[in-house]
Amino acid sequence: MMKMLMLCMALGFAAGAWAQEEAYVVRETELKAKPYSDAQTLFMLPARSKVIVLQRRASWNQVKSGTTTGWVKMLSLQLARGAAQHRSDSGLRSLFNVARTGGSGATVTTGVRGLSEEQLTHAQPNPEALDALERYASDRRAAERFAAQGKLQAQRVDYLAGEKK
Amino acid sequence: MKAIILVVALGLSVPAQAFDFGNIDLEKAVKTMQKIKHAKEDVSEPQEIELGSGIASSLLGAAPLLDHPELQRYVNRVGRWIALQSERPDLPWHFGVLDDADINAFAAPGGYVFITKGLLARMNSEAELAGVLAHEISHVLRKHHLQALKKGARRELMADLAGEAIKSKGGDERLRKLVSAGTELYARGLDKEDEFESDRMGVVLAARAGYDPYGLPAVLQTLQSINPTDSNLALMFKTHPGFDKRLELLGPLMSPALDDWERQPDLNQRFATVIGNRK
């Protein structure tokens, strides 16, 4: 298991960060010169045609179709199976290298842990971890400062109405 | 009702016991009526938090917290900032990264939200993290887990909780049973409509918080490309509607409605820095 994981990460690394993912066009869609609805249409991509995804910018993906590079709406694409594995980067590696916790109360319970159905049904309380969770919590001011550092600005946006049944 | 009439009729033929039997049944009937009345009431916010903290504790018993304090604090700030844009900004919100390779995220009543490191490792930006946290926050806002418990096998206990027959402190056995039922919900899943509703609300909350709202769809698209036989996705597949269906429903709802906000930052650099930092 561990070996396979390392192999996957090595391959992902070799393929480069998140570029070069294979995807299929779900429905006929316009290949645009720029990531805007009113940008010039280069040509139509028929359903089920194959493209290479280079990057995402909000609702748009930059793709390569043959020798032409352009932009399509992200939701008109479906990534090929296994495509996202190539995104694995140093972040993934470091996350999986972090050892299981000692400080947040991993010591007491017996039995196998994990998020399978069986394990969830028989889960025992872990009050030490709940205390640790309390220590990491953010108050309003810290959250606002953090948002300002990232230049995030609160907006007024209405909730979307669901489908009419 | 028929049973009461029968008991009263029987009681009449044995006068000495008539009063007792009738009295007990009357008491029972009144209690049932009260339970029906309470079933329509909501549990109070302190009770919701009490139940949620019990469920969170159980979930942490199944999968512990990742020992990465900087990352834990980072996820709490992203989550709290989003929650501040919601209709319940002042709940005691708690966010946690679970040390588990499974690909999933969870919410519990009262403001508890968890994401596995398996899911976090497949994300590319803070906007994607925000999208997933906002989906989970929406489950809390709409009280989806409380609704599911009210409809389930433990509905009578939920009525007791609403009627304050359960005293929260001191380890009431009935509260323990509710916590257990709440934890089992993670294995069974919520109503599909609740998931779709949280998708719709999640993308809006992300936009309100100033993020590129396409983070959640981008994560769904990434997950769509993982081999469905991957065991880390087994629980997600069992408990959620398919990624294809979720994306199909979100697409037309988001555009053009959220077009004005799609140029907002995704903060992929800040995300990469925190994820990449060893503690």
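Shown above is the structure to which this text applies.
Below, the structure is looked at part by part. Source: prediction; values computed, not measured.

About the thresholds
Residues numbered from 1 in each chain as written. Chains lettered and ligands numbered in written order. Predicted model: local features only at pLDDT ≥ 70, side-chain atom pairs only at ≥ 80, totals over all residues. Helix = DSSP H or I, 4+ residues; strand = E, 2+ residues; numbered from the N terminus. Contact = placed C-beta atoms within 7 Å. Core = buried A, V, L, I, M, F, W, Y, C linked by C-beta atoms within 7 Å. Buried ≥ 20, exposed ≤ 12 C-beta atoms within 10 Å, placed from the backbone. Nonpolar A, V, L, I, M, F, W, Y, C, P; charged D, E, K, R; others polar. Pairing = 2+ DSSP bridges. Axes fitted to C-alpha atoms, helices over the stretch in contact; angles between N-to-C directions. Parallel < 35°, antiparallel > 145°, perpendicular 65-115°, else oblique. Left-handed = near helix turned anticlockwise from the far one by under 90°.

Now for the overall build of chain A. Per the secondary structure count, chain A includes five helices and seven strands. For chain A, the N- to C-terminal ordering of α and β elements is α-β-β-β-β-β-β-β-α-α-α-α. Long-range contacts, defined here as pairs at least 24 residues apart, represent 53% of the contacts in chain A between residues at least 6 apart.

This next bit is on the nonpolar core. All names here are of chain B. Counting 110 residues, the largest nonpolar core has Leu59, Ile82, Ala130, Leu133, Ile137, Leu178 and Ala206 as the members making the most contacts within it. Ranked by the residues each element gives to this core, the list is headed by helix H6 (residues 126–141), at nine residues. Apart from the residues lying within four places of it in its own chain, the contact partners of Leu133 are Val78, Gly79, Ile82, Phe95 and Val113.

Inspection of the secondary structure assignment puts Pro265 of chain B in the loop between helix H13 (243–254) and helix H14 (268–276). You can call Pro265 of chain B partly exposed: it has 18 C-beta atoms within 10 Å. Separated by 151 residues in sequence, Pro265 of chain B and Phe114 of chain B have C-alpha atoms that sit 24 Å apart. Each residue touching Pro265 of chain B, except ones within four places of it in the same chain, is listed here: Gly150, Lys151 and Leu152 of chain A together with Tyr211 and Asp212 of chain B.

The interface is formed by 66 residues belonging to chain A together with 75 residues belonging to chain B. Breaking the side of chain A that touches chain B down by element, the ones donating at least two residues are strand S7 (77–79), helix H2 (90–97), helix H3 (117–121), helix H4 (127–136) and helix H5 (140–149) of chain A. When the residues that make up the side of chain A that touches chain B are grouped by side-chain class, the tally is 34 nonpolar, 23 polar and nine charged.

Turning our eyes to something else, we now look at the sheet that holds strand S2 (residues 105–108) of chain B. Residue and element names in this part refer to chain B. Spatial ordering of the open sheet is given by S1-S3-S2, a layout of three strands whose pairing is mixed. On the outer flanks of this sheet lie strand S1 (94–98) and S2, each paired with one strand and no other. Geometrically, the sheet is characterised by an average inter-axis angle of 15° between neighbouring strands, direction not taken into account. Pairing geometry for S1 and strand S3 (residues 112–116), over five bridges, is parallel. Of the residues in S3, the one forming a bridge with Val97 is Ile115. The sheet strands contacting helix H4 (residues 69–83) are S1 and S3, and the helix crosses S1 at an angle near 135°.

This brings us to the packing of H6 of chain B against helix H10 (residues 192–208) of chain B. To describe two helices that pack against each other, one gives the angle between their axes and the distance between the axes. Residues and elements named next belong to chain B. At their nearest, the axes of H6 and H10 sit 7 Å apart, and the two run at 130° to each other. As the angle between them shows, H6 and H10 are arranged oblique. Crossing of H6 over H10 shows right-handed handedness. Here Ala127, Ala130, Gly131, Ala134, His135, Ile137, Ser138 and His139 of H6 lie close against H10, whose contacting residues are Asp194, Glu197, Ser198, Asp199, Met201, Gly202, Val203, Leu205 and Ala206. Grouping the constituent residues of the contact of H6 with H10 by class yields eight nonpolar, six polar and three charged.

Moving on, we come to the pairing of S3 of chain B. Side chains on a regular strand alternate between the two faces of the sheet. All names here are of chain B. In terms of residue burial, S3 counts as a mostly covered element, since five of its five residues are buried. Alternating positions in S3 separate into two faces, Tyr112, Phe114 and Thr116 on one and Val113 and Ile115 on the other, with burial throughout. The turn linking S2 back onto S3 is made up of three residues, and Gly110 within it adopts a positive phi angle of 85°.

Of all five residues making up S1 of chain B, five are buried, and the element is well covered by its neighbours. Alternating positions in S1 of chain B separate into two faces, His94, Gly96 and Leu98 of chain B on one and Phe95 and Val97 of chain B on the other, with burial throughout.

With that settled, consider the packing of helix H8 (residues 155–162) of chain B against helix H9 (residues 173–188) of chain B. Residues and elements named next belong to chain B. Where H8 meets H9, the axes come as close as 10 Å, and the angle between the chain directions of the two elements is 125°. When the axes of H8 and H9 are compared, the pair comes out oblique. In this structure, H8 crosses over H9, and the sense of that crossing is left-handed. Where H8 abuts H9, its residues Leu157, Met158, Asp160 and Leu161 lie against Arg174, Lys177 and Leu178. Looking at side-chain class alone, the contact of H8 with H9 contains four nonpolar, no polar and three charged residues.

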